[in-house]
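This is what each chain is made of:
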Amino acid sequence: MKTVNSADGTKIAYGKQGDGPALILIDGAMNSRSSGPKPELASLLSRHFTVYSYDRRGRGDSGDTPPYAVDREIEDIEALIEDAGGTAHLFGHSSGACLALEATVKLGGKVTGLAMYDAPYDDDPAARQAWREYIKQLTKALADDRRGDAVALFMRYVGTPPAQIEQMRSAPFWRGLETIAPTLAYDHAGVMGPDLSVPVALAAQVRVPTLVMYGTSSFPFMEPTARTLAGAIPGATVRALDGQTHDVNPQALAAPILEAFAPA
């Protein structure tokens, strides 16, 4: 494990592997550099890139410095880019894709390419109303330090059956989820914000090669969201990953990223 100091002094933990242009992997909610598809994806991409896989602030081995602001997370990415030599490609999954989009616009020429998978914006009015209610309840649960309830609220929001959530609450790993529960507000109230609609004005400011991906077996709104994003980003490519859910297979994800961005 290595660390870099962000602009506000927060230590950001990361791993690095491979050789080639730098590529930084950005997690979505409740994930760290050692969870989900991240380790295998990093290994696959490291054949052509120097892959940086890091713990977002408040997670894993990284520190956290209140108060939170999205700009602090962008500074974390900037610190990793500086460690990589001054430029990097970004890949973001889920709300990590939303953060990658923000960072690409904010950091200008320091970002050389952008890949996104299942960015969970949604233009549907009913979905936006449900999102505002979720943010209200999440904010209250975290303010009351009811971390377990905050995690359960998120899981219900994404469709986990209540009986399954109750079983999970008694599992050994639940305590780890409670530990990083405050970062739900970072992703949702912070990075994604209260509106949820696709940020076409922000996307239109992207000036780097961009790959927008979605899974054909993921949540139904992911396809129109991906196509709206790709339509707003100049020159962007949209790719459907056949049969993939939100919990995407690393090999299915690595292939289009390598095709789009790997050096010849």
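Report on the accompanying structure. All residue numbers refer to position in the chain's written sequence, counted from 1. For this predicted model, a pLDDT threshold of at least 70 governs which residues receive local features, and a threshold of 80 or more governs which side-chain atom pairs are given and counted, while totals over whole chains, interfaces and linings are taken from all residues. Side-chain metrics in this entry use all non-hydrogen atoms of the structure; hydrogen atoms and water are not considered.

So, empty space enclosed by the protein
In plain terms, the rule: Residues are called lining when one of their atoms sits within 4 Å of a cavity or pocket point, these points coming from a 1 Å grid over the protein atoms alone, where a cavity is a set in which a 1.4 Å probe fits but cannot get out and a pocket is an open set with protein on both sides within 12 Å along at least five of seven lines. Grid points are joined across faces, edges and corners, and a volume is the space filled by probe spheres set on the points. Strands here are runs of E lasting at least two residues and helices are runs of H or I lasting at least four, both read from the DSSP assignment and numbered beginning at the N terminus. Only Asp, Glu, Lys and Arg are considered charged, only Ala, Val, Leu, Ile, Met, Phe, Trp, Tyr, Cys and Pro nonpolar, and every remaining residue, Gly among them, polar.
Applying the stated criterion to the full structure yields one cavity of 30 Å³ or more. Counted as a void, the largest cavity has a volume near 40 Å³. Taken together, M116, D118, A119, V212, M213, Y214, M222, T225, A226 and L229 make up the lining of the largest cavity. Among the elements of the structure, strand 7 (210-215) and helix 10 (222-232) are those that each provide at least two residues to the lining of the largest cavity. Classifying every residue of the lining of the largest cavity gives eight nonpolar, one polar and one charged.

Quick notes on the sheet that holds strand 2 (residues 11-18)
Here is the rule: Pairs of strands are assigned from DSSP output, requiring at least two bridges between the strands. Axis definition: a line fit to C-alpha positions, over the contact stretch in the case of helices; interaxial angles, taken between N-to-C directions, run 0 to 180 degrees. The contact criterion used throughout is that any non-hydrogen atoms of two residues lie within 4.5 Å.
The mixed open sheet is built from eight strands, whose spatial order is 1-2-4-3-5-6-7-8. Looking along the sheet, the strands with just one partner apiece sit at the ends: strand 1 (2-5) and strand 8 (237-241). Neighbour to neighbour, the strand axes of the sheet diverge by 25° on average, direction disregarded. Bridge count for strand 2 against strand 4 (residues 50-54) is five bridges, and the pairing is antiparallel. Its bridge partner being in strand 4, Q17 is matched across the sheet by V51. Relative to strand 7, helix 10 is tilted by about 170°, and along the sheet it contacts strand 6 (111-117), strand 7 and strand 8.

Thoughts on the layout of surface pockets
The computed volume of the largest pocket comes to approximately 860 Å³. Around the largest pocket sit 35 residues that line it, and S94, F154, V158, H246 and D247 are the ones nearest its centre. Contributions of two or more residues to the lining of the largest pocket are made by helix 1 (38-45), strand 5 (88-93), helix 4 (125-143), helix 5 (147-157) and helix 8 (183-192). Among the elements that line the lining of the largest pocket, the one with the most residues is helix 5, at three residues. Across the lining of the largest pocket, the residue classes break down as 21 nonpolar, 10 polar and four charged.

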